[in-house]
Amino acid sequence: MNRRARDEAHVPTIQPGSQEPPRVPRTHGHQGRAQDPECTPRKRPCQAERVSAASLLTVLKPPVGPDGTPAVSVCLQVLKKRADFVRTSHGRRFGTPGIHLQARKRAEGEAPGIRVGFTCSKKVGNAVARNRAKRRLREVARLVLPSHGREGWDYVLVGRKDVTASLPFDTLIADLKRALTKIHT
C-alpha cells in the first residue's frame, strides 16, 4: 500500500437535509438574539414617536438670567488666538485662591462685546483634571461675566493647581466677582 492511500480516509457523503444551518457571524455582534431561526423576534414599537417644533419649544426653554432676560442673549466671545492671550497677560492681574484673572481694556474698534479665554497648564494636573477645571471656569464665566464684566474688555481665567477642579462652585463664583471688582477699581 502506498503512502498516499494510507493517509487518505473514505468519508461518506452526508445528505444535505440533515446538516445544521450554518452559523453566520452578525455584523453588530451578539445582541441577545436567539440562535434558533424559528424563534419569534423581540417586539418593537409599532410606530415611531413624532416630535414637532411646537412641542420642542415648550420643553426646551432657554435659561433665564437674574434680570429675567434669556441668558443665551448674552454671548461671550471666546479668545482663541495666542496673540489675544499674550496681550491680555500684559494687562491687569488679580489672583484669588481658586482663579487667577487677567484682564485688559481693548483698543477702540478692536472687537465688540466681552471676550473671555480659559487656560489651565499641566501644573493643574492630568488631562482629566485640566478639562474639569476648564469646564468649571467656563460655567463660572457664563454666570458672572454678563453681569459683572465690562463691554470692550478681554478676560483670561487661569486655573489653579489642585484647587480650581475641587473648590466648591459658590466659592469660585465669589472669587471671580471679587477679582472683577478689584480689576475694575
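Data block above holds the structure.
The rules behind each value
- Note on numbering: residues in each chain are counted from 1, in written sequence order.
- At least 70 in pLDDT is required for a residue's local features to be given in this predicted model, at least 80 for side-chain atom pairs to be given and counted, and no such filter applies to totals for whole chains, interfaces and linings, which use all residues.
- Heavy atoms throughout the structure, all of them, feed into the side-chain values; hydrogens and water do not.
- Pairing of aromatic side chains here covers Phe, Tyr and the six-membered ring of Trp, requires ring centres within 6.5 Å, and sorts the geometry by plane angle: under 30 degrees stacked, over 60 edge-to-face, intermediate tilted.
- Every helix listed is a DSSP run of H or I at least four residues long, and every strand listed is a run of E at least two residues long, numbered separately from the N terminus.
- The contact rule is simple, with two residues in contact once any of their heavy atoms fall within 4.5 Å.
- Should DSSP find at least two bridges between two strands, the strands are regarded as paired.
- What counts as an axis is a line fitted to C-alpha atoms, over the stretch in contact for a helix, and the angles between N-to-C directions run from 0 to 180 degrees.
- Definition of nonpolar core: a set of buried residues of the types Ala, Val, Leu, Ile, Met, Phe, Trp, Tyr and Cys, connected through side-chain atoms within 4.5 Å.
- The classification of residues rests on relative accessible area computed with a 1.4 Å probe and restricted to protein chains. Under 20% of the type maximum is buried, over 50% is exposed, and intermediate values are partly exposed.
- Should an angle fall under 35 degrees it is taken as roughly parallel, and over 145 as roughly antiparallel, whereas 65 to 115 is taken as roughly perpendicular and any remaining angle as oblique.
- Helix crossings fall into two classes, left-handed where the near helix is turned counterclockwise from the far one by less than a right angle and right-handed where it is turned clockwise.
- Each residue is assigned to one of three groups, with Ala, Val, Leu, Ile, Met, Phe, Trp, Tyr, Cys and Pro labelled nonpolar, Asp, Glu, Lys and Arg labelled charged, and all others, Gly among them, labelled polar.
- The length a helix should cover is 1.5 Å for every residue beyond the first.
- Directions from the helix axis toward the C-beta atoms define the arc.

(A) Main features of the packing of aromatic side chains. Counted according to the given criterion, the structure contains 1 aromatic pair. For the pair Trp 153 and Tyr 155, a centre-to-centre distance of 6.2 Å together with 15° between the ring planes defines the contact as stacked.

(B) Local environment of the side chain of Asp 84. Here Asp 84 is to be found in helix H3 (residues 82–89). Residues within four places of Asp 84 in sequence aside, it is in contact with Leu 79 and Arg 115.

(C) A look at the sheet that holds strand S4 (residues 115–119). Taken together, the 5 strands give an open sheet; going across it, the order is S1-S4-S5-S3-S2, and neighbouring strands pair in mixed fashion. The two strands at the open ends of the sheet, each matched to only one other strand, are strand S1 (77–78) and strand S2 (92–95). Across 5 bridges, the pairing between S4 and strand S5 (residues 153–159) is parallel. If you follow Phe 118 over to S5, its bridge partner there is Leu 157. Each of S2, strand S3 (99–105), S4 and S5 touches H3; the most contacted strand, S3, lies at about 95° to it. Where helix H5 (residues 169–184) meets the sheet, its contacts fall on S2, S3 and S5, and the angle it forms with S3 comes to roughly 35°.

(D) Layout of the nonpolar core. Residues Leu 101, Tyr 155, Leu 157 and Leu 176 are the most contacted members of the largest nonpolar core, which totals 25 residues. Of all elements in the fold, only S3, S4, helix H4 (127–148), S5 and H5 reach the threshold of two or more residues within this core. With sequence-adjacent residues up to four places away left out, Leu 101 is seen in contact with Arg 92, Arg 93, Phe 94, Tyr 155, Val 156, Leu 157, Leu 176, Ala 179, Leu 180 and Ile 183.

(E) Looking closely at the packing of H4 against H5. Taken N-terminus to C-terminus, the directions of H4 and H5 make an angle of 45°; their axes are 10 Å apart at the nearest point. What the angle tells us is that H4 and H5 run oblique. Seen along the crossing, H4 lies across H5 with a hand that is right-handed. Counted together, Arg 136, Glu 139, Val 140, Ala 141, Leu 143, Val 144, Leu 145 and His 148 of H4 and Phe 169, Leu 172, Ile 173, Leu 176, Lys 177, Leu 180 and His 184 of H5 form the full contact between these two elements. Grouping the constituent residues of the contact of H4 with H5 by class yields 10 nonpolar, 2 polar and 3 charged.

(F) Region of the structure containing H5. Across its 16 residues, H5 extends 23 Å between first and last C-alpha, which sits within 8% of the 22 Å expected from 1.5 Å per residue. Turning to H5, its buried residues number three or more, namely Leu 172, Ile 173, Asp 175, Leu 176, Ala 179, Leu 180, Ile 183 and His 184. Seen from one end, H5 has its buried residues packed into an arc of 160°, which puts them on one side. Summarising the contacts, the buried residues of H5 are in contact with S2, S3, H4 and S5.

(G) Looking closely at H3. Along H3, the positions that sit buried rather than exposed are Asp 84, Thr 88 and Ser 89. Down the axis, H3 shows its buried residues gathered within 135° of arc, on one side only.

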